[in-house]
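Fold and contact review
Each chain is listed here by its residues.
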Amino acid sequence: MFDRGLTGGSTGNISARTQDGGLLVSPTGTSFGRLDPARLSHFDADGVHIGGDAPTKEMPLHTAFYDTRSSAGAIVHLHSCHSVALSMMPDVDPDNFLPPLTPYGLMKLGRVKLLPFFLPGDPEMGTAVRGLAGKRSAVMLANHGPVVAGKDIEAACNAIEELEDTARLAMMTRGMGARALTDAQVQALVTKFDIEWDT
């Protein structure tokens with residue numbers, strides 16, 4: 001993700017469940033391009049930091065997803081350019097952040113909730129995610145970046161890349177009258193692929 005320019009410098013963070021119920025988390029201030037496995041923050045199943053460097057300041061965001069989505073095995077948060085740009089547009093639907101441009105955004109993400117702006121590291125981000133009661137696998141932090149929960153690292157990474165790709169399509173076609181999927185097409189996808197699609 002770093003090599004493809006999806007999150008630069010020391011931005012973004014990632015975590016994954018371990019087999020014993022603990023967590024491995026990217027340390028605070030580290031770059032995806034220079035992650036050292038020996039320095040990853042390690043938490044036990046009770047949430048106690050037992051090894052590695054201090055974790056990302058966005059831990060409340062990660063724990064909120066794990067606590068409310070039993071299927072979550074990994075969380076990825078990026079500062080990807082197009083999704084952040086789309087979050088700044090005044091006419092974006094906060095309840096359904098991504099327009100239905102292709103089937104894959106829906107299939108990998110369901111509805112994406114746009115959350116308001118929070119200062120980086122603000123525990124209220126976690127509170128906002130908890131307020132969704134596990135109904136969303138992805139949120140977009142306004143003026144900040146997307147956060148996606150997946151069953152494992154691969155699923156979470158694939159989903160967040162799809163989020164950024166859909167946001168890029170939305171920005172590329174903005175104001176051009178692009179044809180999005182119809183409500184009937186969206187419903188057909190939701191039914192056929194058993195997509196989480198809360199109303």
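Figured I'd write up the structure that's included with this text.

Quick look at the sheet that holds strand β7 (residues 138-141) now. With respect to topology, 8 strands assemble into an open sheet ordered β4-β3-β2-β1-β5-β8-β7-β6, the strand pairing being mixed. The sheet is open, and its two edges are formed by β4 (49-51) and β6 (113-115), each paired on a single side. When strand polarity is set aside, the average angle formed by the axes of neighbouring strands in this sheet is 20°. For strand β1 (residues 13-17) and strand β2 (residues 23-25), the ladder comprises 3 bridges, and the chain directions are antiparallel. Paired with R17 across the strands is L23, a residue of β2.

Before going further, it helps to examine the nonpolar core. Core analysis: the biggest nonpolar cluster contains 27 residues, and M1, V76, F97, L98, L109, V112 and L163 have the highest contact counts within it. At the level of elements, β1, β5 (74-77), α2 (81-87), β7 and α5 (153-172) are the ones that each hand at least two residues to this core. The leading source of residues in this core is α5, at 7 residues. What L109 contacts, discounting residues up to four positions off in sequence, is L98, S137, A138, V148, A159, E162 and L163. Of all hydrophobic cores here, the second largest spans 20 residues; its members include A64, Y66, F118 and L132.

All right, on to the packing of aromatic side chains then. How two aromatic rings sit relative to each other is given by the distance of their centres and the angle of their planes. All chains considered together, the criterion is met by 0 aromatic pairs. Stacked on the ring of Y66, the Lys or Arg R17 has its end atom at 4.6 Å from the ring centre.

Another point: the pattern of salt bridges. A full pass over the atoms with the stated rule returns 9 salt bridges. Two residues, D67 and R130, come together in a salt bridge whose shortest N-O distance is 2.9 Å. Here R130 lies in helix α4 (residues 124-130) and D67 lies in helix α1 (residues 59-68), a separation of 63 residues in the sequence. Judged by relative accessible area, which is 52%, D67 ranks as exposed.

Turning next to the environment of A72. Within the fold, A72 resides in the loop between α1 and β5. Since its relative accessible area comes to 9%, A72 is described here as buried. C-alpha separation for the pair A72 and G121, spaced 49 residues apart in sequence, amounts to 21 Å. Once residues lying within four places of it in the same chain are set aside, the contact partners of A72 are R17, F65, Y66, A149 and G150.

The subject of this paragraph is empty space enclosed by the protein. Here the structure, examined in full by the defined rule, presents 2 cavities of 30 Å³ or more. Space inside the largest cavity adds up to approximately 50 Å³. Contributing to the lining of the largest cavity are N96, L98, P99, G105, L106, L109, G110, T166 and W197. For the lining of the largest cavity, the leading source of residues is helix α3 (residues 103-109), giving 3 residues.

Before going further, it helps to examine the pairing of strand β8 (residues 145-150). In terms of residue burial, β8 counts as a mostly covered element, since 6 of its 6 residues are buried. Here 4 bridges tie β5 to β8, and the two strands are oriented antiparallel to one another. Of the residues in β8, the one forming a bridge with V76 is V148. For β7 and β8, the ladder comprises 4 bridges, and the chain directions are antiparallel.

Rules used throughout
- Residues numbered from 1 in each chain as written.
- Predicted model: local features only at pLDDT ≥ 70, side-chain atom pairs only at ≥ 80, totals over all residues.
- Heavy atoms only, no water.
- Pairing = 2+ DSSP bridges.
- Helix = DSSP H or I, 4+ residues; strand = E, 2+ residues; numbered from the N terminus.
- Axes fitted to C-alpha atoms, helices over the stretch in contact; angles between N-to-C directions.
- Core = buried A, V, L, I, M, F, W, Y, C linked by side-chain atoms within 4.5 Å.
- Buried < 20%, exposed > 50% of the residue type's maximum accessible area, 1.4 Å probe, protein only.
- Contact = heavy atoms within 4.5 Å.
- Phe/Tyr/Trp six-rings, centres within 6.5 Å; stacked < 30°, edge-to-face > 60°.
- Lys NZ or Arg CZ within 6 Å of the ring centre and 35° of its normal.
- Salt bridge = Lys/Arg side-chain N within 4 Å of Asp/Glu carboxyl O.
- 1 Å grid on protein atoms, 1.4 Å probe; cavity = no way out; pocket = protein on both sides within 12 Å on 5 of 7 lines; lining within 4 Å.
- Points joined across faces, edges and corners; volume = space filled by probe spheres on them.

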